[in-house]
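The residues making up each chain are set out below.
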Amino acid sequence: MKERNLLLLLVLLAVTTFFVNNSALPTDIMEARNLVTAREIVADGNWMVPTMNGELRLEKPPLPTWVAAAIESVAPDNLAAQRLAPGIMGVLWTVYLVLLTAKVSRRRKLGYTAGIVFLTCYQIVLMGRTATWDIYCHAFMTAAIYYLYCGLSADKSHQWRYLPMAGVMMGLSFLSKGPVSFYALLLPWLLAAVATLRLSARGKWKALTCMIVLCLALGAAWYIYLYAFEPKAVQQVIDKETGSWAHRNVRPWWYYWRYFAEMGIWALLTLAALALRYWKRVLPEWRTYMMAALWVIACVVLLSFMPEKKYRYLLPVMAPCAIAVACLVYHMHEASDKASLVLWQVHRRLIAVVVVAMPVAVWVMQLLPVWQAVMLTVLCLALAVDVARPLRGDSRSWRLLLGAAGAFMLIECFLMGSIAKAMGNPGSHSIAATRHMPQLHGLPFYFPQGDSLRIEIVYQAHRKILPLNMADSANVVSHSPMVLVSSRWNSAVLSPAILSRVDTVMVGTYDDNTRPRGSRHYQQCFVNHVTIIKPKK
């Protein structure tokens, strides 16, 4: 593997992973929350005490939302522009993962290999295309780990070059999603590093103290401000979030047992990387491998201790998994042991099958115009043949990386939009259409108090939709004229006494489901009736 070729492939893959067709996927609930909050920051100027649909939004630290608000002020209602920011953070995360791997192993090729493996994990692709918080905190924390390792592994003369930067990155991570990455990424790395790497804090306590002070100063500044000006609201949020971690989405401790499946195309090698004793004996870069493997195990174990579990919480595990897999892939270029050769044979055939299956699915499901389908078919067949043909030496590792990266780049360039469209709702009629209706301009939007309103509806409507007591006729009349948004029909929301005092004009029924009717993901709460309510003359 030529170093220049690896770097070129890594750069091309990073560009396609985070920036090509980045607006193809629909917004999810987390992204909608972030962007609604960002809009209200720009509209109301409440940068330090943000709101979401008119209510205080203090559950998440503000840095990613501040970035989204800055973009909103420059490029209003531009989803592609909003997703540039997480894409840039994805690139930052990749760069520091590459630097950390290269620094520990003293092999830049291994670092580039880890970066390519990392960018071909589907969780990284999805999170790098979604304007949410997670990718910020983990990218900054990986940068902090890199600087911390450099500071603790270097001699005393370089401590001030690295350790203060580690503190800055830790503070930015805390300002992005609180202590999440400290627990899910930093603590597991410290446990793995102490067991495998040569680190020394001797004579570096002043620089380490500076690191901690900088971390606290950056990370705690916003919280100190809130405690000074919104102490009751902060306490309510703390109580709410503490209860959520303990009682919401509670899963058994073994819930993450199939964490390796989150690596997608690299799942087989991720599972194989658990054979610690074997690979420690076989791999020349065993110290880097052991750091990564123990880091993975510590991440999964610590995350399993938390009562609340979701598979997207495994996002930080992708970083050490990528390094562990990269050690195996890098070893294959010179491997002579049977296990490595068998894994290489199985994995290259698996990649070839996936690549061949792509054009078959395109033709069967008619996902692309004919000329694009023909082009994709030619490229996929050429890639599959290149990956499947027998090879020796350096070409083994290169073909695995090229096959995986090529498959992902083809999907991101040709299929990202088509897949989203094929899985989408053909009967969708979004409430976003109301934004351009002149009869609704200047009218406040409300939904029945006590009903639930999805934040995605607020995002699509592009305006606040506040709760209102619809049982109080005087209250309804005093707020008229207004627009009522409800998943129930007017007759179920408005009593006869209220209907006798107001006129109603039906605007339409809107369906914001991103999945088709009949799907198990189709939800009635995304179907809403929009009505203008005016007092009778």
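Please read all numbers here as calculations on a predicted model, not as lab measurements.

J.: Before we move on, could you go through helix α3 (residues 63-74) and cite the residues and values that matter?
T.: Along its twelve residues, α3 runs 17 Å from first to last C-alpha, staying within 8% of the 16 Å computed at 1.5 Å per residue. Along α3, the residues classified as buried are Leu63, Pro64, Thr65, Ala68, Ala69, Ile71 and Glu72.

J.: So what's going on with the packing of helix α2 (residues 29-44) against α3? Which residues, and what values?
T.: Two numbers describe how α2 lies on α3: the axes approach to 8 Å, and their chain directions differ by 60°. Put simply, α2 runs oblique to α3. Crossing of α2 against α3: the hand is right-handed. Residues Asn34, Leu35, Thr37, Ala38, Arg39, Ile41 and Val42 of α2 form the contact with α3, whose participating residues are Pro64, Thr65, Trp66, Ala68, Ala69, Glu72 and Ser73.

J.: Help me get a handle on the sheet that holds strand β7 (residues 527-535), residues and values and all.
T.: With mixed pairing, five strands are arranged side by side in an open sheet as β4-β3-β5-β7-β6. Strand pairing shows two members of the sheet lacking a second neighbour, β4 (465-468) and β6 (502-511), which therefore form its edges. Direction aside, the axes of adjacent strands within the sheet are offset by 35° on average.

J.: Break down the side chain of lysine 177 for me, with residues and values.
T.: Looking at where lysine 177 falls in the secondary structure, it is placed in helix α9 (residues 159-177). On the basis of relative accessibility, which here comes to 10%, the residue lysine 177 falls in the buried class. Looking at lysine 177, its side chain comes within polar contact range of the side chain of aspartate 134, at 2.8 Å. Apart from the residues within four sequence positions on either side, lysine 177 is in contact with Lys60, Pro61, Trp133, Asp134, Cys137 and Arg312.

J.: Which residues make up the environment of leucine 119, and what values go with them?
T.: Its location among the elements puts leucine 119 in helix α6 (residues 108-119). Assessed through its relative accessible area of 0%, leucine 119 is described here as buried. In this structure the C-alpha to C-alpha distance between leucine 119 and leucine 13, which are 106 residues apart in sequence, comes to 7.1 Å. Non-local contacts of leucine 119, meaning those with residues more than four positions away in its chain, are made with Leu10, Leu13, Ala14, Thr17, Phe18, Thr94, Val125 and Phe408.

J.: Describe the pairing of β4, and please don't skip the residues or the numbers.
T.: Judged from the four bridges that link them, strand β3 (residues 445-448) and β4 form a sheet pairing that is parallel. Directly across from phenylalanine 447, in β4, lies its bridge partner proline 467. Following the backbone out of β3, through helix α20 (residues 455-461) and into the adjacent parallel β4, one traces a crossover that is right-handed.

J.: I'd like to hear about the packing of helix α5 (residues 84-105) against α6, residue by residue, with values.
T.: Close contact between α5 and α6 brings their axes to 7 Å; oriented N to C, the two are set at 145°. The way α5 lies across α6 gives a crossing that is right-handed. Here Trp93, Thr94, Leu97, Val98, Thr101, Ala102 and Ser105 of α5 come into contact with α6, specifically with Arg108, Leu110, Gly111, Tyr112, Ala114, Gly115, Phe118 and Leu119. Here the residues of the contact of α5 with α6 are counted per class, giving nine nonpolar, five polar and one charged.

J.: Which residues make up the packing of aromatic side chains, and what values do they have?
T.: If you walk through the whole model with that rule in mind, you get 16 aromatic pairs. Seen from their ring centres, tyrosine 96 and tyrosine 146 are 5.8 Å apart, and the 55° between their planes marks the pair as tilted. Placement of tyrosine 96 in helix α5 and of tyrosine 146 in helix α8 (residues 134-153) is noted, with a sequence separation of 50 residues between them. Across the pair, tyrosine 146 and tyrosine 96 agree in class, each one buried. Among the aromatic residues, those joined into a cluster by ring pairs are Phe174, Phe182, Trp222 and Tyr223. A cation over a ring is seen here: arginine 348 above tryptophan 344, with NZ or CZ 4.6 Å from the ring centre. Directly above the ring of tryptophan 344 sits arginine 396, whose terminal nitrogen or CZ lies 5.5 Å from the centroid.

J.: Go over the nonpolar core, please, and point to the residues and values.
T.: Counting residues in hydrophobic clusters, the biggest one holds 137 residues, and the most contacted among them are Leu148, Trp266, Trp295 and Val317. Among the elements that line this core, the one with the most residues is α8, at 14 residues. If you look at the next biggest cluster of nonpolar residues, it comprises 29 residues, including Leu453, Ile457, Val458 and Tyr459.

J.: So what's going on with unusual backbone geometry? Which residues, and what values?
T.: Residue proline 481 follows serine 480 across a cis peptide bond; omega there is 0°. Turning to its location among the elements, proline 481 is positioned in the loop between α21 (473-479) and β5 (482-486). Although it is not a glycine, aspartate 77 adopts a positive phi angle of roughly 55°. Topologically, aspartate 77 is positioned in the loop between α3 and α4 (79-82).

J.: Can you explain the pattern of salt bridges? Please cite residues and give values.
T.: Any two side chains of opposite charge can pair if their charged atoms end up close together. Applying the stated criterion across every chain, the model contains 13 salt bridges. Residues arginine 83 and glutamate 31 are paired through a salt bridge, measuring 2.8 Å at the closest nitrogen-oxygen approach. Placement of the pair is arginine 83 in the loop between α4 and α5 and glutamate 31 in helix α2, with a sequence separation of 52 residues. The class for arginine 83 is buried, based on a relative accessible area of 1%.

About the thresholds
Residues numbered from 1 in each chain as written. Predicted model: local features only at pLDDT ≥ 70, side-chain atom pairs only at ≥ 80, totals over all residues. Heavy atoms only, no water. Helix = DSSP H or I, 4+ residues; strand = E, 2+ residues; numbered from the N terminus. Expected span 1.5 Å × (residues − 1). Buried < 20%, exposed > 50% of the residue type's maximum accessible area, 1.4 Å probe, protein only. Axes fitted to C-alpha atoms, helices over the stretch in contact; angles between N-to-C directions. Parallel < 35°, antiparallel > 145°, perpendicular 65-115°, else oblique. Left-handed = near helix turned anticlockwise from the far one by under 90°. Contact = heavy atoms within 4.5 Å. Pairing = 2+ DSSP bridges. Polar contact = N/O pair within 3.5 Å; in protein donor to acceptor, adjacent residues only side chain to side chain. Right-handed = clockwise from strand over helix to strand, strands pointing away. Nonpolar A, V, L, I, M, F, W, Y, C, P; charged D, E, K, R; others polar. Phe/Tyr/Trp six-rings, centres within 6.5 Å; stacked < 30°, edge-to-face > 60°. Lys NZ or Arg CZ within 6 Å of the ring centre and 35° of its normal. Core = buried A, V, L, I, M, F, W, Y, C linked by side-chain atoms within 4.5 Å. Salt bridge = Lys/Arg side-chain N within 4 Å of Asp/Glu carboxyl O.

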